[in-house]
Protein chains: 2
Amino acid sequence: MDKIAIGPMAYMSVMPTLLVGANVDGKPNYMTAAWATVACMAPPMVCVAVNKARYTAKGIEENGTFSLNVPSVGQVIETDHCGLVSGAQEDKSGIFRSFYGKLKTAPLAEECPVNIECRLFSSVDCGSHNLYVGEVIEIHADRSCLKDGKPNTTSVQPIVYAQATYYGVGQEVEKAFSAGKKFRKR
Amino acid sequence: MDKIAIGPMAYMSVMPTLLVGANVDGKPNYMTAAWATVACMAPPMVCVAVNKARYTAKGIEENGTFSLNVPSVGQVIETDHCGLVSGAQEDKSGIFRSFYGKLKTAPLAEECPVNIECRLFSSVDCGSHNLYVGEVIEIHADRSCLKDGKPNTTSVQPIVYAQATYYGVGQEVEKAFSAGKKFRKR
């Protein structure tokens, strides 16, 4: 074993690349985020960590709603732009066409193939960031991206984020809940 | 716009594939998980959603500690196995060699190139799952996987999880905090 202790840091192996949508002062705003995942199966929930100083945090707390929008690899330039520029300095409402779903106050980016509409369920004050946990109220998706009623990874072409770099999804390695059956045979 | 509302579901575009380590009744156990991300920058925190009925939930609450271990694509079989079999039915302590770090009660899987040692900070009862937020106390990594003191994605070869399928990390698309600078030029 040649392990080394590298100290505590905000590390995760791979993450999704998303745009967090929130209305701020009644206007749609989108912030790039990777610190997000599923939080619960029943009811379906997701969570996203947002720096407390961010314009988006203001919008989420103002409305108690937000969205997670999944951009495709082809949208990486505008996606990264939304992480470089704050809505406090620049109006980002025109970067994507916004539409609204059931919640009325969570803006959804039309150009993104998948849009997750969330109602704020809980907020954990972690220090620099609030971890917002939201109940998924509806998912909107491009019809062309669906397979068996769910977003299909090959069609969505999501952006993988790791160590300040954007990647595509790579080669399929194995099927989950299946590959492990080979374990005993070795 | 050809959007369709597909209903609320526990969807996320891409996720990490991890092994959640916890001591249960004093013995190391590893559970496969993908519902995890970074929760905070300062102090560094991560979070992971665990079904309340899981053996691992018992261990996390017993000790107030857990680990997130990052397997490589080459470890996908044993990784998926840990998601098929419960520690309540089968002793999983021999699948990986365990070592302990600062917390003494969070088992770390030696074969995994990166091991994140966490102290439970907060637990959000979301319904079927508890979202465990843990402060990162130490990260242990294989010396051979480091670049500038941090785990290097190309060396770690993490497993991307999406829609019940394991993938490798794909081609680099762009650098984050950089690609967006091209936005204005278009």
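Scroll up to find the structure.
Residues numbered from 1 in each chain as written. Chains lettered and ligands numbered in written order. Predicted model: local features only at pLDDT ≥ 70, side-chain atom pairs only at ≥ 80, totals over all residues. Heavy atoms only, no water.

Colleague: Where do I start with the relation of the copies chain B and chain A in this structure?
Modeller: Put simply, the second copy of the chain is the first one after a rotation about an axis and a shift along it. With an RMSD of 0.0 Å, chain B superimposes on chain A once it is rotated by 180° and translated 0.0 Å along the axis. Taken together, the turn and the small shift mark the pair as related by a two-fold rotation axis. Minimal C-alpha distance to the rotation axis in chain B is attained by Gly-170 of chain B, lying at 1.7 Å. By residue overlap, the copies meet face to face through one surface: 100% of the interface positions of chain B are interface positions in chain A. (Least-squares fit on C-alpha atoms with pLDDT ≥ 70 in both. Contact = heavy atoms within 4.5 Å.)

Colleague: I would appreciate a short explanation of the pairing of strand 6 (residues 45–51) of chain A in the present structure.
Modeller: Walk down a regular strand and you will see the side chains alternate between the two sheet faces. Residue and element names in this part refer to chain A. Burial within strand 6 is extensive, with six of its seven residues counted as buried. Where strand 5 (residues 36–40) meets strand 6, four bridges bridge the pair, whose relative direction is antiparallel. Within strand 6, the position partnered with Thr-37 by the bridge is Cys-47. Hairpin remark: strand 5 followed by strand 6, antiparallel, with four residues in the connecting loop. Pairing of strand 6 with strand 11 (residues 129–142) involves seven bridges; the strand directions are antiparallel. Within strand 11, the position partnered with Ala-49 by the bridge is Leu-131. (Buried < 20%, exposed > 50% of the residue type's maximum accessible area, 1.4 Å probe, protein only. Helix = DSSP H or I, 4+ residues; strand = E, 2+ residues; numbered from the N terminus. Pairing = 2+ DSSP bridges.)

Colleague: Just checking my understanding: could you explain the nonpolar core for this structure?
Modeller: Inside soluble globular proteins, nonpolar side chains tend to come together where they are buried. Ranked by internal contacts, the top residues of the largest apolar core, which has 94 residues, are Leu-131 of chain A together with Leu-131 of chain B. Apart from the residues within four sequence positions on either side, Leu-131 of chain A is in contact with Cys-47, Val-48, Ala-49, Ser-122, Ser-123, Val-124 and Cys-126 of chain A together with Ala-39, Cys-47, Leu-131 and Val-133 of chain B. If you look at the next biggest cluster of nonpolar residues, it comprises eight residues, including Val-160 of chain A together with Val-14, Ala-162 and Tyr-167 of chain B. (Core = buried A, V, L, I, M, F, W, Y, C linked by side-chain atoms within 4.5 Å.)

Colleague: Explanation requested: the pattern of salt bridges in the structure shown.
Modeller: On inspection of all chains with the given rule, the structure shows 20 salt bridges over all chains. The salt bridge involving Arg-97 of chain B is made with Glu-111 of chain B; its shortest N-O contact spans 3.7 Å. Linking Arg-97 of chain B in the loop between helix 2 (76–84) and strand 8 (98–99) with Glu-111 of chain B in the loop between strand 9 (108–109) and strand 10 (114–125), this pair joins segments that are 14 residues apart in sequence. Between Glu-172 of chain B and Lys-175 of chain B there is a salt bridge, and its shortest N-O distance comes to 3.4 Å. Judged by its relative accessible area of 45%, Glu-172 of chain B is partly exposed. Judged by its relative accessible area of 40%, Lys-175 of chain B falls in the partly exposed class. One salt-bridge network, in which partners are shared between bridges, spans Arg-97, Glu-110 and Glu-111 of chain A. (Salt bridge = Lys/Arg side-chain N within 4 Å of Asp/Glu carboxyl O.)

Colleague: Before we go on, may I ask you to explain helix 1 (residues 55–63) of chain B in this structure?
Modeller: Because each turn of an α-helix spans 3.6 residues, side chains separated by three or four positions end up pointing in the same direction. All names here are of chain B. By the burial criterion, the buried members of helix 1 are Thr-56, Ala-57, Gly-59 and Ile-60. Relative to the axis of helix 1, the buried residues are bounded by an arc of 160° and lie together on one face. Elements in contact with the buried residues of helix 1: strand 3 (18–24), strand 4 (27–33), strand 6 (45–51), strand 7 (65–70), strand 10 and strand 11 (129–142). In the segment just after helix 1, Gly-64 is the residue with positive phi, at about 65°. (Arc of directions from axis to C-beta.)

Colleague: Looking at this structure, how should I read helix 2 (residues 76–84) of chain A?
Modeller: Taken across its nine residues, helix 2 of chain A has seven buried, putting it largely inside the fold. The set of residues buried in helix 2 of chain A consists of Val-76, Ile-77, Glu-78, Thr-79, Asp-80, His-81 and Cys-82 of chain A. Turning to helix 2 of chain A, the residues buried within the fold contact strand 3 (18–24), strand 4 (27–33) and strand 15 (165–175) of chain A together with strand 15 (165–175) of chain B.

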